[in-house]
Each structure stands twice: as C-alpha cells, then as structure tokens.
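Notes for the structure review
Each chain, written out:
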Amino acid sequence: MKEQWSSKLGFILASAGAAIGLGALWRFPYLTGTNGGGAFFLLFIFFTVLIGMPLLIAEFVIGRGSKREAVSAYKKLSATGLWKWIGHFGVVGCFLLLTFYAVIGGWVLTYTFLSLTGSILEPGRDYELLFGSIVGSPLISAVGLIVFIGLNVIVLSFGIKNGIERVNKYLMPLLFLFLLIIIVRGLTLDGAMEGVKFFLSPDFFSITTAGTLEALGQSFFSLAVGFSCMVTYSSYLGNEQSLPRSAGSIVILNLLVSLMAGLAVFPAVFAFNLSPDSGPNLLFVVLPTVFEQLPFGGLFLSLFLLLFFFATITSSFSLMEIMISAFTQNKKHKRNRVALISGILVVIAGIPAALSNNVLADVLILDRTVFDLTDFFVSNIMLPLGCLFIALFVGFKVKKSLLIEQYRMESGNLSGTANLWYLLMQTIVPLVIVIVFIFGLF
C-alpha cells in the first residue's frame, strides 16, 4: 500500500516547509529591499493569490488525482507525446536547483555553527570580508554542501511519515517561534518604525517593470510550484482532505512567514541606519552588523540563523523527494539506497557551484560563474516553463471532470469556485507566466 501522510496537519506543515525556504527568508527580504518595500510586498501578495495559488492547487489535483509521483502522474492522466515528460522536466529542474541551493544551505549551516560557537560577532569586524572568506574557501563550501545533503539523505531515508512529516512537525513551529522572538526584539529598537513604514507603506512610484516581474517570479519560487514537487507530496494524500483549503492554508502560512521575515529584518536595518537594498548579502553581511550592536546580539543571531537553517532544509526535502519517489514508486528499489545515491549525485554535480566563488571563480560561461548560470537557467527559464507546462496540461489536456471532482472533494462551500479556478488555469495563469518567462530572459 502506498505510504500516506498521517494527518491533514502533517501534510500542510510538510508542504509549507517545502514552500517556506530560501524564497521566504532570504530571497524575499532582499528583493523587497531592492524594489522599494511595501509596493513590492503588495504585488507579491496579489500574484501569489492570483497565480501561485491556482498553480499550487493544480499540482495537488495532478498528484492526488493520479496517486502517483511526478514522473508517473502525467502518464497516468493520459498524457501523450511531450506532455508525459513534464514530470521528468520537474525532476531535472529540482536536481539542478539543488546543486546551488545546497551550496547556500551549506553557507547557512556554516554560519549557524559559527554563531552557536560565538565565532561571528566581534566589535568592528568586517562582515563582508567574513562572508567572502567563507564562500571563498573551497573546503568550507564543499564540506557545507556535503553535510547539508547528508542531513537530507538521513531524514528522507525514513520516508514520509517518519522522516519528512516528523521533522517538519518540530521545525515549522520552532521557525515561527524564533521569528516571533526576533520581531519583538527588533520592534523595540529606536527607529524601528521607519523600517516598518518602509515595508508596509506602499510607494507605487518606487516599483519598476523589473520589480513587478520579480514579484511574479517570487510568487512561483515561494510556493515551490513549477517542478512538480507538490505533485509528489499530494500523491501521498488521502481523499478526506480538501485541496483548495490545503492550498489556502499553505498560501496563508507562506505570506505570514514573508510578512514576519520583513518585520524581522527591516526594523533592525533601519534602526541602525543601514541600507535595505544590499541584495543577496542582506542576511549574511547586514544582519550580523545589526546583531553586533544589540544586547545579547549573539543569542538573537543564533536564533535567526537556526530558523533560517530550518526553513532552508525543510524546503530542500521536497526537492530531493521528487527524485527519490521517482525510483521507489514501484517498490523495486529501497528508499534508503535511492536516497544515498541521489545525495551522492547532487554533491558531485554541486561541487562546481560550490567552487564558483573560489577555485572556479574565473571560469565564466556567458559571463556567469557556474553557480550564477545554474541559478539563472533554473529560476528564469526552467521554473516559468515548468509552471507554463503544468498550467497548459491542466487547462487543456486533462479531463475537466477529473479536475473538478478532485477540486470539489471535501471542499464544502468552496466547491462552487471550481469552474473559476479552471478558467484561471486556461487563461490568466498561462498568459502571465508567458509574460514572466519572456521578460525574465532579459
């Protein structure tokens, strides 16, 4: 019998853990900071609800409707020709994403370890130099990658209930608790309200076309849609759960974490007159500068990095699970063996990305390092294409009766919105994705 989630809460927390990762705690704050604050946040909310949530429901419908993991799901739903390769496309996308995602996970793990041992905060320290020394070390980057993937392999070897679900039940509540502690501390700082105003008061004159497109892309990235991860997760789901309600819960949790991440970062940044538009270095360079100047700053930095690590690793579970489930669906291969082999392959493929800031820093392809090129290819080309394939598959290839049945199952008063969702998948969603894809190439 196919393994299933033990409870509705377990599925929601695991799915939220898949969605809430680097997208919410790392990518969202620096994109918000570089795109004017409140206006970007409002656009992100709008696109998450209008585009991201319908896509999330679509992946849920495909997964539970087929009861198969990503590779087999599309074939089970009568996909022919190139359509049956959408699942394979997702597996390749997750694999490539992991090759650089795990490198960042290794950096987070390294920072967390150094913080817990009291080795980061020092008066007058150059934190940009510290970050450069960490990412510039081949040994630290490679070991961080190996340990991060190793932790994934250990958890995923235990399966859905005893691995992913059990870990998420502990880590997700801790993430919210630690975020709340950081927010309360940040809001008590003099000048913190300027950061709140920047984050929550929209100035639409500050938003650009590029910022609007980044808000659209962030809505895909933050919900883990496009690579069929949620197809795999929902294939372990029973018929007693409402798919639109589950998607709504995950969207709310995701938006809540994004809100909390902004409130954890920007009040502290403004309180110390630092720049919110520091880009990807915001968490690794700017925040240590902030915490250094706070009473018990080392403790609060450790809490923040722990929650950052929790979010990063729970998100990576879904990326590896789609690969593992593709080879364990028919029970011919043992999960722990497949998990180990998958981990080894990711590490081997991830080594060039880990060395992109040191040994291979001068190796450029299309004027990008291996790390940057993989990031660009996955985020700007494969991810929107994956979203487009899924939208077109649901909107035009799958029997409408199956889709509506899955949508309405246990949905109560939400069942009446099924046709609206289907219409969105045929019109607005693919149109917006095409726009994102075209502009994302430039």
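Look a little higher up for the structure.
One structure accompanies this document, and this report is about it. All residue numbers here refer to positions counted from 1 along the written sequence of the relevant chain. Confidence filtering applies because this is a predicted model: local features only for residues at pLDDT of at least 70, side-chain atom pairs given and counted only at 80 or more, and all residues used for totals across whole chains, interfaces and linings. Each side-chain value is worked out from all heavy atoms of the structure, with water and hydrogens disregarded.

**Quick word on the environment of T112**
Secondary structure elements follow DSSP: runs of H or I no shorter than four residues count as helices, runs of E no shorter than two count as strands, and numbering proceeds from the N terminus. Mapped onto the secondary structure, T112 falls in helix 5 (residues 86-116). Under the scheme applied here, a residue whose accessible area is under 20% of the maximum for its type counts as buried, over 50% as exposed, and between as partly exposed, the area being computed with a 1.4 Å probe on protein chains only. Residue T112 is classed as buried on the basis of its relative accessible area, which comes to 5%. Through-space distance from the C-alpha of T112 to that of L31 is 23 Å; in sequence the pair is 81 residues apart. Throughout, a residue-residue contact means that at least one pair of heavy atoms, one from each residue, lies within 4.5 Å. Among all residues touching T112, those that are not within four sequence positions of it are L305, L306 and F309.

**Let's talk about helix 14 (residues 297-328)**
Over its 32 residues, helix 14 extends 46 Å from the first C-alpha to the last, a length consistent with the 46 Å expected when each residue adds 1.5 Å. Throughout, the bend at a residue refers to the angle made by two axes, fitted to the seven residues ending there and to the seven starting there. Residue E321 marks the point of greatest curvature in helix 14, where the axis turns by about 30°. Along helix 14, 28 of the 32 residues are buried, which leaves the element largely enclosed by surrounding structure. Helix span, as expected, comes to 1.5 Å for every residue beyond the first.

**What to know about a nonpolar patch on the surface**
Only residues whose relative accessible area exceeds 30% and that take part in no salt bridge are eligible for patches, with like-charged residues grouped when within 9 Å of each other and nonpolar side chains (Val, Leu, Ile, Met, Phe, Trp, Tyr) grouped when within 5 Å. Shrake-Rupley sampling with a 1.4 Å probe provides the accessible areas, and residues are treated as covered by the protein chains on show and by no other component. The term salt bridge refers to a side-chain nitrogen of Lys or Arg lying within 4 Å of a carboxyl oxygen of Asp or Glu. A cluster of nonpolar side chains, L340, I341, I344, L345 and I348, forms an exposed patch at the surface whose accessible area comes to about 470 Å². Along the chain, I348 falls in helix 15 (residues 335-354).

**Things to note about the nonpolar core**
By nonpolar core we mean a set of buried residues, namely Ala, Val, Leu, Ile, Met, Phe, Trp, Tyr and Cys, connected to one another through side-chain atoms within 4.5 Å. Counting residues in each nonpolar core, the largest one holds 154 residues, and the members touching the most others are L25, L55, I62, I149, F220, F304 and W421. Among all residues touching F304, those that are not within four sequence positions of it are I182, A264, V265, L283, L287 and F291.

**Concerning the pattern of salt bridges**
The final tally for this structure, using the stated rule, is two salt bridges. Here E122 makes a salt bridge to R125, at a shortest N to O gap of 3.6 Å. Classification of R125 by relative accessible area gives partly exposed; the value is 26%. Where R335 meets E321, a salt bridge forms, and the shortest distance between an N and an O atom there is 2.9 Å. Pair noted here: R335 is in helix 15 and E321 is in helix 14, with a separation of 14 residues, a long-range link.

**A short note on helix 10 (residues 209-222)**
Here helix 10 is 14 residues long and its end C-alpha atoms lie 20 Å apart, about the 20 Å a rise of 1.5 Å per residue gives. Within helix 10, ten of the 14 residues are buried, which leaves the element mostly enclosed by the surrounding structure. Along helix 10, the residues classified as buried are G211, L213, A215, L216, G217, Q218, S219, F220, F221 and S222. Immediately beyond the C-terminal end of helix 10, within one or two residues, lies A224, with a positive phi of roughly 60°.

**Looking at the packing of aromatic side chains**
For any pair of aromatic rings, geometry is given as the distance between the ring centres together with the angle between the planes. Any Phe, Tyr or Trp ring, taking Trp's six-membered ring, that has another such ring centre within 6.5 Å forms a pair; planes under 30 degrees apart are called stacked, those over 60 apart edge-to-face, and the others tilted. All chains considered together, the criterion is met by 25 aromatic pairs. Summarising the aromatic geometry, the rings of F28 and F44 are spaced 5.2 Å apart at their centres and angled 45° between planes, so their arrangement reads as tilted. Residue F28 is located in helix 2 (residues 22-34), and its partner F44 is located in helix 3 (residues 38-66); the two are separated by 16 residues in the primary sequence. In this pair, the class of F28 matches that of F44, namely buried. Measuring from ring centre to ring centre gives 5.1 Å for Y74 and F393, while their planes differ by 65°; the resulting arrangement is edge-to-face. Remark: F393 occurs in helix 16 (residues 370-397) and Y74 occurs in helix 4 (residues 70-76); sequence separation between them is 319 residues. With a relative accessible area of 0%, Y74 lands in the buried category. Judged by relative accessible area, F393 falls into the buried class, the value being 0%.

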